[in-house]
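Structural characterization, general
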Amino acid sequence: MTTNNTTNESEKPTQNIETEENVQSTATEEQVTDEEKTSDADKLAAAEEEIATLKDKYLRQVAEFDNYRKRTLKEKVELIQNGGEKVLSALLPVLDDLDRALDNINKSDDVATLKEGVELIIDKMYKTLASQGLKKMETIGQEFDTDFHEAVALIPATEEVQKNHVMDCVQAGYLLGEKVIRHAKVVVGQ
């Protein structure tokens, strides 16, 4: 029996040591858990603050872009409405000349002088439009090009050189800068 008691006694201290270790490890775990909770709370607060900052920046960017869009749309509308003002202002002197010509037609019987006056007005009109970038197309004798010409008739060519070339111009075509604003209506040799 003595042997059994010794064995039981030796087992008891081991159990006590294990219990003390369990208490210490549990205390350490609680400290770590508290630190983790504090650390997690700090991380969460920092993340929420960063989210709020980014959300504010995003909303400001959206508002800024919306203002930019509205401003450019307004400028575009103003440009369209006032874009013709320069051209119309340039044409007013030609309109004045036409009014004077009309008055003189009623007063004068000299057809040659009236014709010369109208030719001067037309020349002034072309110069005014040219100063605004309008240019009349030279078509007769040019090779037919669908980018600039619209064929309204085909006629037989008497010479080989005239084939696929403009023989006559029914209505003049115009360029504004490099852009065709009206195709020339032409008769093409076939």
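Everything that follows concerns the structure shown earlier in this document.
Here's a quick rundown of the structure. (Residues numbered from 1 in each chain as written. Predicted model: local features only at pLDDT ≥ 70, side-chain atom pairs only at ≥ 80, totals over all residues. Heavy atoms only, no water.)

Let's talk about the overall build of the protein
Scanning the protein from N- to C-terminus turns up three helices and six strands. What you see in the protein, going N to C, is helices and strands ordered as α-α-α-β-β-β-β-β-β. Here the protein holds 190 residues, and 13% of them are scored as buried. Taking as baseline every contact in the protein between residues at least 6 positions apart, the subset at least 24 positions apart corresponds to 64%. Surface exposure of the protein reaches about 15600 Å², of which carbon and sulfur atoms provide 54%. (Helix = DSSP H or I, 4+ residues; strand = E, 2+ residues; numbered from the N terminus. Buried < 20%, exposed > 50% of the residue type's maximum accessible area, 1.4 Å probe, protein only. Contact = heavy atoms within 4.5 Å. Areas by Shrake-Rupley, 256 points an atom, 1.4 Å probe, with all protein chains shown as cover.)

Topic: the nonpolar core
Ranked by size, the top nonpolar core spans six residues in total: M137, V166, L175, A184, V186 and V188. Sort the elements by how many residues they give to this core and strand β6 (residues 184-189) lands first, with three residues. Ignoring any residue separated from it by four or fewer positions in sequence, one finds A184 in contact with M137, T139, F148, H149, E150, Q171, A172 and G173. L91, L129, L134 and A172 belong to the second largest nonpolar core, which has five residues in total. (Core = buried A, V, L, I, M, F, W, Y, C linked by side-chain atoms within 4.5 Å.)

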